[in-house]
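What the coordinates show
Here are the chains, one letter per residue:
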Amino acid sequence: MKALRALRTITATLSPKPHKTPLNPTFLHHFYSAQPQEEDPSHNLNSSDSENGPDSVFDSTHYTVPGLGFETNSQAPQQPTWDEKYREKADDLIFGKDTQKRKLKILEEEEERRRRVLAKALLEAALEAADDEDEEEEEVVVKEEDQKSLSVGIIGAPNAGKSALTNYMVGTKVAAVSRKTNTTTHEVLGVMTKENTQICFFDTPGLMLDKSGYIHKDMKVRVESAWSSVNLYDVLIVIFDVDRHLTRPDQRVIKLIQHMGSQPHPKQKRILCINKVDLVKKKKDLLKAAKQFEDLPGFERYFMISGLKGYGVKDLTQYLMEQAVKRPWDEDPFTLSEEVMKNISLEVVRERLLDHVHQEIPYQIEHRLIDWKELRDGSLRIEQHLITHKLSQRKILVGKNGSKIGRIGIEANEELRSIFKREVHLILQVRLK
Ligand SMILES: Nc1nc2c(ncn2[C@@H]2O[C@H](COP(=O)(O)OP(=O)(O)OP(=O)(O)O)[C@@H](O)[C@H]2O)c(=O)[nH]1
């Protein structure tokens, strides 16, 4: 029954939803351009800002955005760009009649494959939704004396997959995941509450030792305070990218693992997570990597996981649940604290920046939360400024007629709306320092 209900939800999600507001005829213009509607008298944010220009502002109220997945329809079959008639003729002339039949067969097979993939995805989503429903039903008040807690720090080299793993376990986007390194700019708290147990995750920025096992000098102040907090967690997860380790071993990562596993910690359980196993083709290579670190006495357990795909994460979560101790929860399990929400809003925008703006720009801009207001109707007004140091960077970030910042804004706004489960009015302004 639950699965059926879930399937209904999915079907509803897949079919086009009526929009609350009718589709604005100028939507396409606005989708590609962040230029606000001129006829909109409410827009006065940047009209006087001639230096930075009106294109540099994304304001979500100037867009009518359909539900998630508005941009492309990946399920739609690709249409040929040529005229079929001529193509058939040419095929006949060059390859003979048989080609048509073969082509038809290939198309049918392709269609069948697509149908199977879609059916599998639907089934998986239905099961997941049913699981979520089960979890929702379990949301009952737990008395303080029955509560159990665990604090977990995650440490690893930049790009090892700390954020992806945190996101997977917590089930919401807490820290930005990107293909570039050092995206985790703040220590972000993720909270997972199940039954009477609450686990708080601390996603540390890429803490590294240099090749000889010492803390990097150039980042000493930032890093030292992070190192000092490492010992405070009940459990410490040391995570590394096994695919990278097998192809291009990094001495600093090896040092980090050996350093953390050198001896058992009196108050902390340490575990080693061999991450990104999905990328390793030969499984015997995985064993080779595991063997290299198996004798380290400081690690209580080893887990082979893919934080991104979720392989092995269930076992890891189970293990963590078992480590929880009787202690009242630190966080309200049903609401995100405002601090966490603010961080999420920054991380979501940051992640979109990294997706859409290449080169080093995202690392060189100042990204500030300027205003955060909960309005009377329950919606959130969030204003963030992206401050560039060079005109050329500003131009790239804004894009032609504001297309880049517009796209970043629309996507981030949608994502924030789905995470916070309420209307979000996001304003992004690109400024030159
Ligand atoms: N294939 C695969 N990719 C992964 C996995 N975990 C993370 N990634 C990818 O690796 C990249 C880095 O992941 P993050 O989670 O941002 O890494 P991080 O350790 O938080 O990085 P910093 O913030 O730089 O410290 C992203 O592109 C992820 O999608 C995994 O298990 N499998």
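Rules of the game
- Residues numbered from 1 in each chain as written.
- Predicted model: local features only at pLDDT ≥ 70, side-chain atom pairs only at ≥ 80, totals over all residues.
- Heavy atoms only, no water.
- Helix = DSSP H or I, 4+ residues; strand = E, 2+ residues; numbered from the N terminus.
- Buried < 20%, exposed > 50% of the residue type's maximum accessible area, 1.4 Å probe, protein only.
- Contact = heavy atoms within 4.5 Å.
- Areas by Shrake-Rupley, 256 points an atom, 1.4 Å probe, with all protein chains shown as cover.
- pLDDT = per-residue confidence, 0-100.
- Phe/Tyr/Trp six-rings, centres within 6.5 Å; stacked < 30°, edge-to-face > 60°.
- Salt bridge = Lys/Arg side-chain N within 4 Å of Asp/Glu carboxyl O.
- Polar contact = N/O pair within 3.5 Å; in protein donor to acceptor, adjacent residues only side chain to side chain.
- Expected span 1.5 Å × (residues − 1).
- Core = buried A, V, L, I, M, F, W, Y, C linked by side-chain atoms within 4.5 Å.
- Pairing = 2+ DSSP bridges.
- Axes fitted to C-alpha atoms, helices over the stretch in contact; angles between N-to-C directions.
- Parallel < 35°, antiparallel > 145°, perpendicular 65-115°, else oblique.
- Left-handed = near helix turned anticlockwise from the far one by under 90°.
- Nonpolar A, V, L, I, M, F, W, Y, C, P; charged D, E, K, R; others polar.
- Right-handed = clockwise from strand over helix to strand, strands pointing away.

As for the overall build of the protein chain
- Looking only at helices and strands, the protein chain has 14 helices and 11 strands in total.
- Sorting the 433 residues of the protein chain into buried and exposed places 43% on the buried side.
- Considering only residue pairs separated by 6 or more positions, the protein chain has 73% of its internal contacts joining residues 24 or more positions apart.
- Surface summary for the protein chain: the accessible area is close to 25200 Å², and the carbon and sulfur share equals 53%.

Focus on the confidence of the model for the protein chain
- For the protein chain, mean pLDDT is 73; residues scoring 70 or higher make up 59% of the total.
- Ranking the helices and strands of the protein chain by mean pLDDT puts strand 6 (residues 269–275) first, with 96, and helix 2 (residues 27–32) last, with 31.
- Note on residues 65–78: pLDDT is under 50 here. Beyond four places in sequence and across chains, it has 20 contacts.
- Across residues 173–186, where pLDDT falls below 50, the model places 55 contacts with residues more than four positions away in sequence or in other chains.

Things to note about the packing of aromatic side chains
- According to the stated counting rule, one finds 4 aromatic pairs in the structure shown.
- Ring centres of Phe 240 and Phe 293 lie 5.5 Å apart, and the angle between their planes is 75°; this geometry places the pair in the edge-to-face category. Residue Phe 240 is found in strand 5 (residues 235–241), and its partner Phe 293 is found in helix 9 (residues 283–293); the two are separated by 53 residues along the sequence. As far as burial versus exposure is concerned, Phe 240 and Phe 293 are alike and both buried.

What to know about the pattern of salt bridges
- According to the stated counting rule, one finds 16 salt bridges in the structure shown.
- Here Arg 352 and Asp 355 are joined by a salt bridge, their closest N and O atoms 3.4 Å apart. Of this pair, Arg 352 and Asp 355 both sit in helix 11 (residues 338–356), 3 residues apart, roughly one helical turn.
- Between Glu 411 and Arg 352 there is a salt bridge, and its shortest N-O distance comes to 3.3 Å. Here Glu 411, found in helix 14 (residues 403–420), pairs with Arg 352, found in helix 11; they are 59 residues apart in sequence, far enough to count as distant. For the pair shown, Glu 411 and Arg 352 are each scored as buried.
- Taken together, the shared-partner salt bridges connect Arg 352, Asp 355, Arg 407, Glu 411 and Glu 415 into one network.

Some remarks on the side chain of Asn 275
- Relative to the helices and strands, Asn 275 is located in strand 6.
- For Asn 275, a relative accessible area of 3% corresponds to the buried category.
- At 2.9 Å, the side chain of Asn 275 forms a polar contact with the backbone nitrogen of Gly 307.
- Beyond its immediate chain neighbours, meaning those up to four positions away, Asn 275 contacts Ala 160, Gly 161, Ile 239, Phe 240, Asp 241, Val 242, Asp 243, Ile 305, Ser 306 and Gly 307.

Some points on helix 11
- Taking 1.5 Å per residue as the helical rise, helix 11 with its 19 residues ought to reach 27 Å, and the 27 Å between its terminal C-alpha atoms agrees with that figure.
- Counting buried positions along helix 11 gives 15 out of 19 residues, so the element sits mostly inside the fold.

Notes on unusual backbone geometry
- Even without being a glycine, Lys 276 presents a positive backbone phi close to 65°.
- We classify Lys 276 as buried; its relative accessible area is 19%.

Some points on the nonpolar core
- Ile 382, Leu 397, Leu 416, Phe 420 and Leu 426 are the most contacted members of the largest nonpolar core, which totals 27 residues.
- Among the secondary structure elements, those contributing two or more residues to this core are helix 11, strand 10 (380–388), helix 13 (391–398), helix 14 and strand 11 (424–432).
- Counting residues per element, this core draws most heavily on helix 14, which supplies 7 residues.
- The contacts of Ile 382, once residues within four sequence positions are left out, are Ser 345, Leu 369, Asp 371, Trp 372, Leu 416, Phe 420, Val 424, His 425, Leu 426 and Ile 427.

Things to note about the sheet that holds strand 11
- Sheet architecture is open: 4 strands sit in the order 1-11-10-9, paired in mixed fashion. Whereas interior strands pair on both sides, the edge strands pair on one side only; in this sheet they are strand 1 (57–59) and strand 9 (366–374). Taken pair by pair, the neighbouring strands of this sheet meet at an average axis angle of 10°, ignoring direction.
- Judged from the 3 bridges that link them, strand 1 and strand 11 form a sheet pairing that is antiparallel. Pairing of Asp 59 across the sheet is with Ile 427, part of strand 11.
- Here helix 11 sits on the sheet and contacts strand 9, strand 10 and strand 11; the angle it forms with strand 9, its principal contact strand, is near 135°.

Considering the packing of helix 11 against helix 14
- As a packed pair, helix 11 and helix 14 sit with axes 9 Å apart at the nearest point and diverge in direction by 140°. Taken together, the axes of helix 11 and helix 14 lie oblique to each other. In the packing of helix 11 onto helix 14, the handedness of the crossing is right-handed. For the pair helix 11 and helix 14, contact is made by Met 341, Ile 344, Ser 345, Val 348, Val 349, Arg 352, Leu 353 and His 356 and by Lys 404, Arg 407, Ile 408, Glu 411, Ala 412, Glu 415, Leu 416, Ile 419 and Phe 420, respectively.
- A per-class count over the contact of helix 11 with helix 14 returns 10 nonpolar, 2 polar and 5 charged.

Description of the pairing of strand 6
- Taking burial as the measure, the 7 residues of strand 6 include 6 buried ones, the bulk of the element.
- With 7 bridges connecting them, strand 5 and strand 6 associate as parallel partners. Each bridged residue has a counterpart across the sheet, and for Ile 237 the counterpart in strand 6 is Ile 271.
- Pairing analysis gives 5 bridges linking strand 6 to strand 7 (residues 299–304), with the strands arranged parallel. Note that in strand 7 the partner of Leu 272 across the bridge is Tyr 302.
- After leaving strand 6, the chain enters helix 9 and then returns to the sheet as strand 7, a path that is right-handed.

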